[in-house]
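What follows is each chain in one-letter form.
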Amino acid sequence: MSVVPVPPLPDDVIACPSCDALLHDRDVALGETLRCPRCHAVIEAPRALAMTRIIMLALAALILMIAAIFFPFLELGAAGMVRRSSLLDTVMAFSTGLTAPLTLAMAALIVVLPVTRFVALLYVLGPMAFGWRPARFAAPVFRLAEALRPWAMAEVFVVGVAVALVKVAGLAHISIGPAFWAFVALVIVTVLKDNFMSRVTVWKTLDARRTS
């Protein structure tokens, strides 16, 4: 049985991130939107000052994450007893016994991975926003940030907390602390950041700046 080699794809071919349709690449002007003709997913949408906005949102997200970790998250009162807890207390509550791996998973999914993505984006986009050449290893760092995107589950944690509050509300008095609202703001900022970012544009800018 002979194996027929597959010829390499031309340099001007890109794949749709949603349906993997192969499309001929073209230059997209600022303000235009390039969509897949098969699934209509947005492939490229360059916007003026998009990198600056992403950097500002990533910095805001880091500040909000610090507030969410160390400020009071919830205050629970029942039978005359009041207990305040932070996000760090919530993570460390499972740090002993058989639930210790759960501590690592929670810390990674709701704190470590999101922070790693924010720092990676700042490292990649920061120099290019000032018109400089990309930082060393910018391409693999951006690839890492994209690989971590599905695993950063801060929004899932907020939904889980909201469901738990509904179930516990009838058993105790609950006061929401500033860290909870910081975490909600963090999720909103993350969504805005992802909507502002055109990944194809970032890759094109990285290639153009590295060869210039």
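Scroll up a little and you will see the structure.
Here's what I pulled together on the structure shown here. (Residues numbered from 1 in each chain as written. Predicted model: local features only at pLDDT ≥ 70, side-chain atom pairs only at ≥ 80, totals over all residues. Heavy atoms only, no water.)

1. A closer look at the packing of helix α3 (residues 100-129) against helix α7 (residues 199-211)
Turning to step 1, where the next piece is worked out: Axis separation between α3 and α7 bottoms out at 11 Å; the angle between their running directions is 60 degrees. It follows from the interaxial angle that α3 and α7 lie oblique. In this structure, α3 meets α7 at a crossing whose hand is left-handed. Between α3 and α7, the contacting residues are Val124, Leu125 and Met128 on the first element and Val202, Thr205, Leu206 and Arg209 on the second.
Turning to step 2, where the next piece is worked out: Partitioning the contact of α3 with α7 into residue classes produces 5 nonpolar, 1 polar and 1 charged. (Axes fitted to C-alpha atoms, helices over the stretch in contact; angles between N-to-C directions. Helix = DSSP H or I, 4+ residues; strand = E, 2+ residues; numbered from the N terminus. Parallel < 35°, antiparallel > 145°, perpendicular 65-115°, else oblique. Left-handed = near helix turned anticlockwise from the far one by under 90°. Contact = heavy atoms within 4.5 Å. Nonpolar A, V, L, I, M, F, W, Y, C, P; charged D, E, K, R; others polar.)

2. A word on the nonpolar core
Turning to step 1, where the next piece is worked out: Membership of the largest hydrophobic core comes to 42 residues, with the highest contact counts inside it found for Phe73, Leu87, Ile110, Leu125, Phe157 and Phe183.
Turning to step 2, where the next piece is worked out: Listed by contribution, the elements that provide at least two residues to this core are α1 (50-70), α2 (87-92), α3, α4 (138-148), α5 (154-168), α6 (178-196) and α7.
Turning to step 3, where the next piece is worked out: Per element, the largest residue contribution to this core is 12 residues, and it comes from α1.
Turning to step 4, where the next piece is worked out: Ignoring anything within four residues of it in the chain, the contact list for Phe183 reads Met65, Ala68, Phe73, Leu87, Ile110, Ala154, Phe157 and Val158.
Turning to step 5, where the next piece is worked out: Counting residues in hydrophobic clusters, the runner-up holds 10 residues, among them Ala21, Val28, Leu34 and Cys36. (Core = buried A, V, L, I, M, F, W, Y, C linked by side-chain atoms within 4.5 Å. Buried < 20%, exposed > 50% of the residue type's maximum accessible area, 1.4 Å probe, protein only.)

3. Brief notes about the packing of α3 against α4
Turning to step 1, where the next piece is worked out: At a closest axis distance of 9 Å, the pairing of α3 and α4 adopts a crossing angle of 150 degrees. Considered as vectors, α3 and α4 are oriented roughly antiparallel to each other. In this structure, α3 crosses over α4, and the sense of that crossing is left-handed. Mapping the contact onto sequence places Leu113, Thr116, Arg117, Ala120, Leu121, Tyr123 and Val124 in α3 and Ala138, Val141, Phe142, Ala145, Glu146 and Leu148 in α4.
Turning to step 2, where the next piece is worked out: Here the residues of the contact of α3 with α4 are counted per class, giving 10 nonpolar, 1 polar and 2 charged.

4. What to know about a nonpolar patch on the surface
Turning to step 1, where the next piece is worked out: Together, Ile66, Phe70, Phe71, Leu88 and Met92 make up an exposed nonpolar region whose accessible area comes to about 520 Å².
Turning to step 2, where the next piece is worked out: Where the nonpolar patch is concerned, the elements lending two or more residues are α1 and α2.
Turning to step 3, where the next piece is worked out: Here Phe71 is to be found in the loop between α1 and β5 (72-78).
Turning to step 4, where the next piece is worked out: Residue Phe71 is classed as partly exposed on the basis of its relative accessible area of 44%. (Patch = residues over 30% accessible without salt bridge, like charges linked within 9 Å, V, L, I, M, F, W, Y side chains within 5 Å. Areas by Shrake-Rupley, 256 points an atom, 1.4 Å probe, with all protein chains shown as cover. Salt bridge = Lys/Arg side-chain N within 4 Å of Asp/Glu carboxyl O.)

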